[in-house]
Amino acid sequence: MKNLVLNKKFYIYSFSILAFTSTIISYYLNINLSNIKSYSQFNEFLLQYNIEASGGGAVADLKTHWSYIQILRENIGNLLLYELGKDHKLLNYPLHHIIISQIPIVSSNLKVYLLSYFLLSLTLPIYFYRCLIIRFQNVEKINLLGIASIIYILPAFQYSAIWGNTHITGLFFLLTSIYFHLKLDKLNYNVSKYFFWSLMFLALAAYTKQFYVFLFPFILFVYFKNTSLIFFCKILLFCLIIALPGIFFLIKNPILFTGLQANHLDVTNFSSAVLIISSMVFLYTVPIFIQYFLNNFNKDNFVKVFNFKQIILVVFVFLLFNNFFYYNSSVGGGVIYKISNIIFSTNLIFFICSFFGLFLILFYSKNSLSNWLLSLLLLISFSTGIFIFQKYLEPMFWILFFVFFDRRKIEESISKNGWLVILYFSTYYIGLNLYIKF
């Protein structure tokens, strides 16, 4: 038994160190999944700063973010003078840019900005680990370390950290909101100040990446169930107050609402987008589910897992949405959609994964209205009829899954034999990099 414990600690510590190291190497070499394909044409913008890196993805976005930081650094009043989408290409709320622009040593030098932001980003999985400890007090910390370290090798995390993308700033605010929410849950919702801190930081996440606003209905519903009506009215008033700056800024910058939709109305539709998000959910949850099965395999549990009512619901939704599926672009769609179409030239693999993705999000939903609401919001919030990128969910879904979904089932999935999850995501990271490169 002692040898088993030592072996488990060895491979989890080894994985954590290797995952951490891979991120540092990617930063040092200026490569990641968004620009690994070619070195023949370096990004012209970065060459001005003596940084040799090929273009694409987050690398190309850096020019947009850095130029807006310089605009605000020159005069913070430009925040109200420039209209996004017309005077500047930025398409998200600029809280990240406001913060960076007011730190002279960071905003005056691009290399300093990239280095300091990267070093800060390295602490994000550690922060997540602290949140996991609060929620899973019955799970060994070494297992939670493995779960948190997976973030280091998720492609969206790596290229966001390396190229100063606002994605990481939004995740820090999200995790801070979650931290206070977990404290509230632990104290049975009896500390009033934690309600407001949780909502404030969720608002800051939305002021960095506006899609985080989809979490407000879920959080507010949870708070409604656990507070008095009078106190909940105070919460709603607080939400209105913190929303006012965003509403004002949205009126002046309507592109924040419409985004790319005006130019790309026919990329996909609502039902197709739900299936694409479901395939992404499958990608992240299938190793957890397999591990759950290995840890709890018996005949009775098999019957409980494949609940008849849930299967019928999933079949109904899948068949209904499957009939109207289309995705009219080579941009976005997620890893599974691309693999299914590029390698196998068919949607069959994609549809199978989408079906099981729908099943898995229901399986890990707690038997409560609030969790069903969160599952619904996750599936529909990115169904806007435009490009659907995997980066929207990575690593956001990984964080939300462990924080808000069924604690008991997740504990049974990760409490022992966590090697499968680590092996799966290691293969995912290495496989994607090799595929894109060669």
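Residues numbered from 1 in each chain as written. Predicted model: local features only at pLDDT ≥ 70, side-chain atom pairs only at ≥ 80, totals over all residues. Heavy atoms only, no water.

1. A short note on the overall build of the protein chain
Then, number 1: Secondary structure summary: the protein chain contains 24 helices and 0 strands in total.
Then, number 2: Its C-alpha radius of gyration of 22 Å places the protein chain within 12% of the 22 Å reference for a compact globule of 438 residues.
Then, number 3: Along the longest, intermediate and shortest principal axes, the C-alpha atoms of the protein chain span 65 × 60 × 50 Å.
Then, number 4: In the protein chain, buried positions account for 55% of the 438 residues.
Then, number 5: Long-range pairs, those at least 24 residues apart, make up 77% of the contacts in the protein chain between residues at least 6 apart in sequence.
Then, number 6: Roughly 20500 Å² of accessible area belongs to the protein chain as shown, and the carbon and sulfur atoms make up 67% of that amount. (Helix = DSSP H or I, 4+ residues; strand = E, 2+ residues; numbered from the N terminus. Rg over C-alpha atoms; globule rule 2.2 N^0.38 Å. Buried < 20%, exposed > 50% of the residue type's maximum accessible area, 1.4 Å probe, protein only. Contact = heavy atoms within 4.5 Å. Areas by Shrake-Rupley, 256 points an atom, 1.4 Å probe, with all protein chains shown as cover.)

2. Things to note about the packing of aromatic side chains
Any aromatic ring pair is given by two values, namely how distant the centres are and how the planes are angled relative to each other.
Then, number 1: The tally for this structure, following the rule as stated, stands at 52 aromatic pairs.
Then, number 2: Between F45 and Y49, the ring centres sit 5.3 Å apart and the planes meet at 65 degrees, which makes this aromatic pair edge-to-face.
Then, number 3: Taking relative accessible area as the criterion, F45 reaches 12% and is therefore assigned buried.
Then, number 4: For the pair F389 and Y392, a centre-to-centre distance of 5.9 Å together with 85 degrees between the ring planes defines the contact as edge-to-face.
Then, number 5: When its relative accessible area of 23% is taken as the criterion, F389 is described as partly exposed.
Then, number 6: A relative accessible area of 18% means that Y392 is categorised as buried.
Then, number 7: In this structure, K391 is placed above the aromatic ring of F389, and the distance from its NZ or CZ to the ring centre is 5.2 Å.
Then, number 8: The ring of F363 carries K409 above its face, with NZ or CZ at 4.0 Å from the centroid. (Phe/Tyr/Trp six-rings, centres within 6.5 Å; stacked < 30°, edge-to-face > 60°. Lys NZ or Arg CZ within 6 Å of the ring centre and 35° of its normal.)

3. Things to note about unusual backbone geometry
In most cases, non-glycine residues show a negative phi, while peptide bonds are predominantly trans.
Then, number 1: A cis amide bond links E394 with the next residue in sequence, P395, at an omega value of 0 degrees.
Then, number 2: Following the sequence through the fold, P395 ends up in the loop between α21 (369-380) and α22 (396-404).
Then, number 3: Phi at Y189 is positive, roughly 60 degrees, even though this residue is not glycine.
Then, number 4: Tracing the backbone shows Y189 in the loop between α11 (166-186) and α12 (192-206).
Then, number 5: The exposure class of Y189 is buried, given its relative accessible area of 12%.
Then, number 6: Here S345, not a glycine, exhibits a phi torsion of approximately 55 degrees, which is positive.
Then, number 7: Structurally, S345 is set in the loop between α19 (335-343) and α20 (348-363).

4. Observations concerning the packing of helix α3 (residues 58-74) against helix α7 (residues 110-121)
Then, number 1: With their axes 12 Å apart at the nearest point, α3 and α7 run at an angle of 110 degrees to one another. Classified by the interaxial angle, the pair formed by α3 and α7 is roughly perpendicular. Both α3 and α7 take part in a crossing whose hand is right-handed. Facing L62, W66 and I69 of α3, the residues of α7 in contact are L110, Y113 and L114.
Then, number 2: Residues that form the contact of α3 with α7 fall into these classes: 6 nonpolar, no polar and no charged. (Axes fitted to C-alpha atoms, helices over the stretch in contact; angles between N-to-C directions. Parallel < 35°, antiparallel > 145°, perpendicular 65-115°, else oblique. Left-handed = near helix turned anticlockwise from the far one by under 90°. Nonpolar A, V, L, I, M, F, W, Y, C, P; charged D, E, K, R; others polar.)

5. Concerning the side chain of S177
Then, number 1: By secondary structure assignment, the location of S177 is in helix α11.
Then, number 2: Not counting residues up to four positions away in its chain, the partners in contact with S177 are S198, F201 and L202.

6. Looking at empty space enclosed by the protein
Then, number 1: If you walk through the whole model with that rule in mind, you get 2 cavities of 30 Å³ or more.
Then, number 2: Empty space within the largest cavity amounts to approximately 90 Å³.
Then, number 3: Lining the largest cavity, in full, are I12, N143, G146, I147, I150, Q291, S413, I414, G418, V421 and I422.
Then, number 4: Only α9 (141-149), α23 (407-414) and α24 (419-437) provide two or more residues apiece to the lining of the largest cavity.
Then, number 5: In terms of residues, the lining of the largest cavity owes the most to one element, α9, which gives 3 residues.
Then, number 6: Of the pockets and cavities examined, the second largest cavity occupies roughly 40 Å³.
Then, number 7: Lining of the second largest cavity is provided by S26, N32, L33, P155, Q158, Y429 and N433.
Then, number 8: Put simply, the parts of the chain that give the lining of the second largest cavity at least two residues each are α10 (155-162) and α24. (1 Å grid on protein atoms, 1.4 Å probe; cavity = no way out; pocket = protein on both sides within 12 Å on 5 of 7 lines; lining within 4 Å. Points joined across faces, edges and corners; volume = space filled by probe spheres on them.)

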